[in-house]
Amino acid sequence: MDTPKNSKTSRVVIGLSFGYHDSACCILKDGRLVAAVQEERFSRVKNDKSFPKKSLRYCLSEAGVSLDEVDCIAYYEEPEKKLSRQIWMGSIDDADPVRKADVMKHLCAQSPQQTIRDVLGYGGAIEIVDHHLSHAASAYYFSGFDEAAVLTVDGVGEWATTSYCVGAGKELTLFEEVAFPDSLGLFYSTITSFLGFKVNSGEYKVMGLAPYGKEIYVDRLKQLIQAGENGQYRLDMRYFDFLRTSRMYSDALIELMGIAPRVPESDIDQVHMDIAKSLQVVLEEILLDKVRYLHGKVPSKNLCMAGGVALNCVANGKILREGPFENLFVQPAAGDAGSALGAAAVAWVRLFDERPAQRDMPHAYLGPSYSADEVYRLLNSTGVRFDDYRGRQDELIEFTAGQIAQGKVIGWYQGRMEFGPRALGARSILADPRDGDMREKINALVKMREAFRPFAPAVKAESAREHFALTSASPFMLQTCDVESLLDLPAITHVDNSARVQTVEADVNPRFHALLSAFERLTDCPILLNTSFNVRGEPVICTPLDAVICFVRARIDLLILEDFVIRQTDIPEMWRVGVGNTPVVPPRKDARAIGHAVYTFL
């Protein structure tokens, strides 16, 4: 397409994903990633699929541009291709030509392009990017590699479920794909559903459950999927029912497994652990096989990965340890949210015939932040007591480290929010990894989730290899490795002696690194337990008000909210009326202040 001709000095491209799940927005300004955020963080609707209006508003504000200064808006999938798959699946009745024509006319009228124009009143260029190309671009263009092989694996885009790309300079070429309904992502999600967990969110639970099991169902699960030539594989559709129902699996799978599907929220037995372990083993074997095939086609030292399956950090660790590639970059927002970033990058290349100026992703701190003065005004208006450490960062760090060393659970809210599903020291819950009871305490009282799920360690980057079997930095918690520490770290060591590690660099997150250093001075341990700041079923917190509400509901011991310290005893008692699975109800006298805070900060 032609380069836009206008008088403005900056070049601006926006990327959007919306309509299925995990809506998000990002903005590239002069080829640099200025901001990226998921809509769920603002709306508080987990995996929100709605048009990301609040995310877009934030991105424009962070970049300091208006909508009429935007050169192009990029959308993360091709709607016509997706529509053809929906027709093939039977989502649209193919037997009634009149009805089919009416539905297609309606869908075309409600196309993403039209939605963008109607919602925003936007008259500029809109670029449509295939779903898997968006995924691949989100990893490759921000990997720091000049050239790389790229593997994308997810449930399904338009038709592709697995794709193989080669990146060189500004060029990114997709040369092979596996088509729906054959899908590694849907294979994993089907067994996730069979095990009684929710598809598109419960896959993490299956991965965490797997180390408790034995591989005794591997042979049965291998009957569900057959390897093919080159990068191909096929599902045996006798065992799947996702083409017709939301159950995912068929009666034939129940017969093959020899047990009834687990009822959601019911007890988890050893057989469920064994199935989870077997599923993980089969997934890893297939991924390793396809990674080796990809290396044969693209004999690079570098591999990039994206798509929802790339969030399987156990498989990522195995690919890095046993696969043929020396270097691995996984997009920290590997799911559909990150596709907004990839779509923007592809549009940038098409528009300006150059690779985006920012070639790596040193961090994922791309969301909103709030100044200490803004937080002070919020707290001062609500009746919450607090300690003010403004201008006393060293004291704040030493105090926080001391509280963690004494066994306290800390809500840690600092700087810009993370993009992607992992908490990386900006919106985190922190605790002592040496405390044998801490995992159970946080799972039961704070996170309100299953006891088997592990927690991750954050470690000073320069100390990481003294405690973990890492071969490279792991800033985004996207690979697991063995714990090799001389320290006893029961709160972050999984049952198989593994951990999902975050390495923290002093120049990337100075305050978090300083906290790790202060904790090390007190305990000789440069590691903290780090989990996301949210309760079960809710998105990670975004605003200071979110932090205070989650703090009350989760009954965390202390909240370190920028430069302010809040204790549970500082919270007005009437705020606890809503503790549980319902929103906090503030005291009547504070209702106006809270309402104003919501309006101001959200």
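The structure under discussion appears in the preceding block.
These notes cover the structure that comes with them. In this text the structure is predicted, and so the values were computed from the model without any measurement. Within each chain, residue numbers correspond to sequence positions counted from 1 in written order. Confidence filtering applies because this is a predicted model: local features only for residues at pLDDT of at least 70, side-chain atom pairs given and counted only at 80 or more, and all residues used for totals across whole chains, interfaces and linings. Here the side-chain values reflect all heavy atoms present in the structure, with hydrogen atoms and water set aside.

Here we look at the sheet that holds strand 2 (residues 24–29)
The strands making up a sheet are joined through hydrogen bonds of the backbone, oriented either antiparallel or parallel. Put simply, the test is: A pair of strands is labelled paired if DSSP reports no fewer than 2 bridges between them. The secondary structure listing takes helices from DSSP runs of H or I that are at least 4 residues long and strands from runs of E that are at least 2 residues long, numbered from the N terminus. Note on method: axes are straight lines fitted to C-alpha atoms, helices fitted across the in-contact stretch only, with angles between N-to-C directions ranging 0 to 180 degrees. Whether two residues are in contact is decided by their heavy atoms: any pair within 4.5 Å suffices.
Here 5 strands make up an open sheet; going across it, the order is 3-2-1-4-5 and the pairing mixed. Two strands close off the open sheet at either side, each with one partner strand: strand 3 (32–38) and strand 5 (125–128). Mean inter-strand twist for the sheet, computed between neighbouring axes without regard to direction, equals 20°. Pairing of strand 1 (residues 12–17) with strand 4 (residues 72–75) involves 4 bridges; the strand directions are parallel. Bridge pairing in strand 4 places G15 opposite A74. Lying over the sheet, helix 13 (residues 336–352) contacts strand 1, strand 2, strand 3, strand 4 and strand 5, oriented at roughly 145° with respect to strand 1.

Looking at the state of the cysteines
Disulfide: a covalent bond connecting the sulfur atoms of a pair of cysteines. Applicable threshold: Working definition: a disulfide is two cysteine sulfur atoms within 2.5 Å of each other. Note on classification: 1.4 Å probe, protein chains only; a residue is buried when its accessible area is under 20% of the maximum for its type, exposed when over 50%, partly exposed between these limits.
Per the counting criterion, the structure on display carries 0 disulfides. Counting only cysteine sulfurs, C165 is the nearest neighbor of C304, a cysteine outside any disulfide, at a range of 10 Å. The exposure class assigned to C304 is buried, which follows from its relative accessible area of 0%.

Thoughts on the sheet that holds strand 14 (residues 410–413)
Read from one edge of the open sheet, 8 strands run 13-22-21-14-15-20-16-19, paired in mixed fashion. Each edge of the open sheet carries a strand with a single partner, namely strand 13 (387–388) and strand 19 (502–504). The sheet strands contacting helix 15 (residues 393–405) are strand 14, strand 15 (427–431), strand 20 (527–532), strand 21 (558–561) and strand 22 (564–567), and the helix crosses strand 14 at an angle near 150°.

What about unusual backbone geometry?
Residue F180 is joined to P181 through a cis peptide bond whose omega torsion reads 10°. With respect to the secondary-structure elements, P181 resides in the loop between strand 8 (171–179) and helix 7 (184–194). Residue D22 is not a glycine yet carries a positive backbone phi of 60°.

Concerning the layout of surface pockets
Note the following rule: Within this scheme a cavity is a closed region of a 1 Å grid, computed over the protein atoms alone, that accommodates a 1.4 Å probe without allowing it to escape, whereas a pocket is open but has protein on both sides within 12 Å along at least five of seven lines; lining residues each have an atom within 4 Å of a point. Grid points are joined across faces, edges and corners, and a volume is the space filled by probe spheres set on the points. Three classes are used: nonpolar for Ala, Val, Leu, Ile, Met, Phe, Trp, Tyr, Cys and Pro, charged for Asp, Glu, Lys and Arg, and polar for all others, with Gly counted as polar.
Considering only enclosed or pocket space, the second largest pocket measures out at about 590 Å³ in volume. Taken together, 30 residues make up the lining of the second largest pocket; nearest its centre are F329, A473, S474, P475 and F476. Counting only elements with at least two residues in the lining of the second largest pocket, the list comes to strand 12 (327–330) and strand 19. Top contributing element to the lining of the second largest pocket by residue count: strand 12, with 4 residues. For the lining of the second largest pocket, the residue count by class is 18 nonpolar, 9 polar and 3 charged.

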